[in-house]
Amino acid sequence: ALHPYPDDLLIGTKAGFKPGKIEPGQTSLPAEGRPDRIKEECDLSLKRLKLDVIDLYQVHVPDPQVPYEDTVGAFVDLQQAGKIRQYGVSNFGVRDLTDILAVSDKIVSNQIPLSLLWRVIERGYLEEELDWPIQEMEIDKLTFTYDAEKDLGLDPKTAAKVNSIRQLRQID
């Protein structure tokens, strides 16, 4: 819908979920951090987005079945191949973030879970747990948004109220 893209637009996307549909009782798709899958998803994203290179490519969630070295290795390979400019992570908590930073100091972002319903980060959780402020890591924090009716299953009237509150509380 936005293509051709404005020159000043930074485009980011993610990889790392097994393809499919969310099954009843699940809250998300299963993690998939295998290097071959990360690379395949990158090629698919480049094609769908009609791009030669992705500005920011992130892994959706930590995959406990795949060593961080393997997942990061896929991102490094994609960067060296000129398919991505920067790479980051999403939904990494304190332990996961500490572990992956031990593997690579080139991670530029951590898209943290921050929303009207999940505000742990505002209480200094990362700073307290890690003993240093996240700003010193030179990693940008990104946040996600949701649609209360679609994503939370609320009725339209309640969803409209939640969405309007969310818009008032967005962090710049």
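Just so it is clear, the model here is predicted, and its values are computed rather than measured.

Describe the pairing of strand β4 (residues 107-112), and please don't skip the residues or the numbers.
With five of its six residues buried, β4 lies for the most part within the structure. As paired strands, strand β3 (residues 84-90) and β4 are joined by three bridges and run parallel to one another. Along β4, the bridge assignment pairs Tyr-87 with Ile-107. Following the backbone out of β3, through helix α3 (residues 94-103) and into the adjacent parallel β4, one traces a crossover that is right-handed.

Talk me through the nonpolar core; I want residue IDs and the actual numbers.
Residues Ile-38, Tyr-57, Ile-84 and Ile-100 are the most contacted members of the largest nonpolar core, which totals 21 residues. Filtering out sequence-adjacent residues up to four positions away, Ile-84 remains in contact with Cys-42, Val-53, Ile-54, Tyr-57, Phe-75, Leu-78 and Gln-79.

For the packing of helix α2 (residues 68-80) against α3, give the residues involved together with the corresponding values.
It is the contact of α2 with α3, at a shortest axis distance of 10 Å, that shows an interaxial angle of 60°. Regarding the angle of α2 to α3, the classification is oblique. Classified by chirality, the crossing of α3 by α2 is right-handed. Of the residues in α3, those in contact with Tyr-68, Glu-69 and Val-72 of α2 are Asp-96, Asp-99, Ile-100 and Val-103. Along the lines of polarity and charge, the residues of the contact of α2 with α3 split into four nonpolar, no polar and three charged.

Rules used throughout
- Residues numbered from 1 in each chain as written.
- Predicted model: local features only at pLDDT ≥ 70, side-chain atom pairs only at ≥ 80, totals over all residues.
- Heavy atoms only, no water.
- Buried < 20%, exposed > 50% of the residue type's maximum accessible area, 1.4 Å probe, protein only.
- Helix = DSSP H or I, 4+ residues; strand = E, 2+ residues; numbered from the N terminus.
- Pairing = 2+ DSSP bridges.
- Right-handed = clockwise from strand over helix to strand, strands pointing away.
- Core = buried A, V, L, I, M, F, W, Y, C linked by side-chain atoms within 4.5 Å.
- Contact = heavy atoms within 4.5 Å.
- Axes fitted to C-alpha atoms, helices over the stretch in contact; angles between N-to-C directions.
- Parallel < 35°, antiparallel > 145°, perpendicular 65-115°, else oblique.
- Left-handed = near helix turned anticlockwise from the far one by under 90°.
- Nonpolar A, V, L, I, M, F, W, Y, C, P; charged D, E, K, R; others polar.

In short, shape yes, function no, at least from these values alone.
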